[in-house]
Amino acid sequence: MPTPHHPIAIIGAGLGGLTLARVLHAHGVEIAVFDLDASPAARTQGGMLDIHEESGQAALRAAGLYEEFLTHVHAGGQAVRVLDQDARVRYEAVDDGTGGRPEIDRGDLRGLLLGSLPEGVIRWGARVTGARPLGGGRHEVLLADGGSFTTDLLVGADGAWSRVRPLVSAAVPAYCGVSFAEADLPDADVRHPVSAEVVGGGMLFALGAGRGFMAHRESDGALHVYAAVEAPEEWLDGIDFADTEAAKEAVLRSFEGWDKSLRALVADAEGELVPRRIHALPAGHRWDRVPGVTLLGDAAHLMSPFAGEGANLALIDGADLGLALLAHPGDTEAALAAYEAGMFPRAAAAAAESTASGALLFDADAPSGLVDLFTAGRPDVSGAAPSA
């Protein structure tokens, strides 16, 4: 049988890939999206996202989804609390509805984007293993099931460990020196009232030198917690996460002497802890123009989550790429050059901000630097906890 051909192929049905697909579909452009998950419900989609006006919100407007997005916003989610390791409140701000970074559950946002596309656009269970150039900007994409397809425009929206990135760059993500253990406390107001009070209605930062707890309240009343530790890359390997109680004890050894109410964010968690190492591409990562292929989101500029920019950049990348293609009909290379000219400096600035914010969060006198930042009126790290 002949090899299937798609004029535009988007690898990855995350926020960035779906935004690109939506912008193009809304203007009648044929697209195909390939995702390794078996279905939209194959895995959980992380916690809360704060959507920035100049990036994420602008992307949703370009996609024609902004008004519907507002109906999913988590009221009260922009509240912030900053505590020290003794659980003393060092800064607190309520969500009075005037903030510019509304919170939404990542699953709700992804569902909004998925619902805006017709059935059949996304090929689920399509794991890409690699791609090779065919000349003239065309590529052949290889699938794990032995199949393949060709495309005139290949977009890598496939995340940190992108299979498309090697076509344009030899860069690989490097460990940032911080590891997380993630935990959940469902129905917190009823089942975990002390933790619910500690976290408050939005985002919590409880910080000390080289470690801290970050947590947010989700729209269903659950608390999602990140126990963060500056540690060697192999630190998580020494913890048996299959034994949840042993894993809790091992993680909490990094928080000896911390207030009991903060330690309870892990000690009282329900379900397994989830380990995660934080990786990033080099700040300012870029590549020379390669015909017929580009990247967006984490595939292009994976960074630490400490400025809350990852999801917002993916959204605006997808929207900007779609708008560039629409603005240059019949000239894909001009469109890709225009998109990359805007994406590269934007991503470089965000990566530098993420690095600086991470240093501030885990500084020797933490949380003093974060308190100073908030009291100066800068929201740079209000969404610093990761959400995927």
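Check the entry above for the structure.
Residues numbered from 1 in each chain as written. Predicted model: local features only at pLDDT ≥ 70, side-chain atom pairs only at ≥ 80, totals over all residues. Heavy atoms only, no water.

1. Re the sheet that holds strand S5 (residues 89-93)
Part 1 of the argument: The seven strands lie next to each other as S5-S4-S12-S13-S14-S11-S15, forming an open sheet whose pairing is mixed. Of all the strands in the sheet, just S5 and strand S15 (274-280) have a single pairing partner and so form its edges. The sheet shows a mean angle of 20° between the axes of neighbouring strands, direction not considered.
Part 2 of the argument: Bridging between strand S12 (residues 203-208) and strand S13 (residues 211-217) involves six bridges; their strand directions are antiparallel. (Pairing = 2+ DSSP bridges. Helix = DSSP H or I, 4+ residues; strand = E, 2+ residues; numbered from the N terminus. Axes fitted to C-alpha atoms, helices over the stretch in contact; angles between N-to-C directions.)

2. Notes on the nonpolar core
Most often, soluble globular proteins keep nonpolar side chains buried together rather than apart.
Part 1 of the argument: Counting residues in hydrophobic clusters, the biggest one holds 61 residues, and the most contacted among them are Ile10, Leu20, Ile51, Leu109, Ile122 and Leu321.
Part 2 of the argument: In terms of residue count, the dominant contributor to this core is helix H10 (residues 310-327) (seven residues).
Part 3 of the argument: Leave out the neighbours within four places in its chain, and isoleucine 51 touches Gly56, Gln57, Leu60, Phe69, Gly100, Arg101, Pro102, Ile104, Leu109, Asn312 and Leu315.
Part 4 of the argument: Core analysis: the second largest hydrophobic core is formed by 32 residues, Leu185, Leu204, Leu236 and Val266 among them. (Core = buried A, V, L, I, M, F, W, Y, C linked by side-chain atoms within 4.5 Å. Buried < 20%, exposed > 50% of the residue type's maximum accessible area, 1.4 Å probe, protein only. Contact = heavy atoms within 4.5 Å.)

3. Digging into the pattern of salt bridges
Part 1 of the argument: Throughout the structure, instances matching the rule amount to 14 salt bridges.
Part 2 of the argument: With its nearest N and O atoms 2.7 Å apart, the salt bridge here joins arginine 132 to glutamate 140.
Part 3 of the argument: Looking at arginine 132, the relative accessible area reads 43%, which means it is partly exposed.
Part 4 of the argument: A salt bridge links arginine 277 to aspartate 237; the shortest N-O distance between them is 2.5 Å. Here the residue arginine 277 occupies a position in strand S15, and aspartate 237 occupies one in the loop between strand S14 (223-230) and helix H7 (244-252), the gap between them amounting to 40 residues.
Part 5 of the argument: Classification of aspartate 237 by relative accessible area gives exposed; the value is 60%. (Salt bridge = Lys/Arg side-chain N within 4 Å of Asp/Glu carboxyl O.)

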